[in-house]
Amino acid sequence: QKVRELVPDEAEGWVQLYRQVLISGVPIRFERELMATHRHLELAAFRVEPENRRQVAVLFQDITARRKAQHQLQDLNDTLERRVAERTAESRLLARIVETTDDQIQALDLDFRWLAINSSCATAYERIYGKRPKLDDTLLDTFADMPEHRRALAEMWRRALAGESYTTISELGDSAFDRRTYDLRFEILR
């Protein structure tokens, strides 16, 4: 069959492509949707030698399933990117709230390493102990030179790190700096 018989509405574009191959002898490779069938094709066209035969061979493969999978993957990627952006915005908002509150908020891992500490809390440590902890510092190392405070703080945290949620009122601080009474609440984060 001739191209004009197979896809009469699209034939002119196809014929122009193949005519260039016939004239130039330069093979081409491309992808295109066949509008008549809504199928995606991967095509390779080359001139059949000798040139005087005036023929172009066209090899094609139906890649509709692959194209559909690519579109689905792109849609999934777009959805994931949107969700990540939403979560990132939410996390930034929560971080701003935590950072700007006067409440002292901190989180430690099972090795007493600060995973999070807001400015208010770091400032309070500095005011009452003369030490300003930061992310990735450990409570045990930070207070290694203050054994009685290290022991008291570690004991409070051990209860929480062992899985106990509790509230306590404690006087904290070093007399060389400042001592204050705090209402402390420990919660487990899983």
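Rules used throughout
Residues numbered from 1 in each chain as written. Predicted model: local features only at pLDDT ≥ 70, side-chain atom pairs only at ≥ 80, totals over all residues. Heavy atoms only, no water. Phe/Tyr/Trp six-rings, centres within 6.5 Å; stacked < 30°, edge-to-face > 60°. Helix = DSSP H or I, 4+ residues; strand = E, 2+ residues; numbered from the N terminus. Buried < 20%, exposed > 50% of the residue type's maximum accessible area, 1.4 Å probe, protein only. Lys NZ or Arg CZ within 6 Å of the ring centre and 35° of its normal. Salt bridge = Lys/Arg side-chain N within 4 Å of Asp/Glu carboxyl O. Polar contact = N/O pair within 3.5 Å; in protein donor to acceptor, adjacent residues only side chain to side chain. Contact = heavy atoms within 4.5 Å.

For the rest of this paragraph, the subject is the packing of aromatic side chains. The description of an aromatic ring pair uses the distance of the two centres, along with the angle that the planes make with each other. Scanning the entire structure with this criterion turns up 8 aromatic pairs. Here the aromatic rings of Trp14 and Phe30 are separated by 6.1 Å at their centres, their planes lie at 45°, and the arrangement is tilted. Note that Trp14 is positioned in helix H2 (residues 11–24) and Phe30 in strand S1 (residues 28–34), a separation of 16 residues in sequence. Phe30 sits in the buried class, given a relative accessible area of 17%. Centroid distance Trp114 to Tyr125: 5.7 Å. Interplanar angle 80°. Geometry classified as edge-to-face. Taken together, the residues span a long stretch of sequence, with Trp114 in strand S5 (residues 114–117) and Tyr125 in helix H4 (residues 119–129) at a distance of 11 residues. Accessibility classification places Trp114 together with Tyr125 in one group, the buried group. Joined through ring pairs, the aromatic side chains of Trp114, Tyr125, Tyr129 and Phe143 make up one cluster. Taking NZ or CZ as reference, Arg32 lies 5.3 Å from the ring centre of Trp14, over its face. The side chain of Arg159 reaches across the aromatic face of Tyr166, ending 3.6 Å from its centre.

What follows covers the pattern of salt bridges. One pass over the full model with this rule turns up 16 salt bridges. A salt bridge links Arg67 to Glu31; its shortest N-O distance comes to 3.2 Å. One end of the pair, Arg67, is in helix H3 (residues 64–100); the other, Glu31, is in strand S1, and 36 residues separate them in sequence. Residue Glu31 is classed as partly exposed on the basis of its relative accessible area, which comes to 37%. Residues Glu187 and Arg185 are paired through a salt bridge, measuring 3.0 Å at the closest nitrogen-oxygen approach. Residues participating in the shared-partner salt-bridge network are Glu31, Glu42, Arg66 and Arg67.

A few words on the side chain of Arg47. By secondary structure assignment, the location of Arg47 is in strand S2 (residues 39–48). Accessibility expressed as a relative area gives 14% for Arg47, which makes it buried. One polar contact links the side chain of Arg47 to the main-chain carbonyl oxygen of Leu22, over a distance of 3.0 Å. In contact with Arg47, not counting residues within four places along its chain, are Val21, Leu22, Ile23, Ser24, Gly25, Gln55 and Val56.

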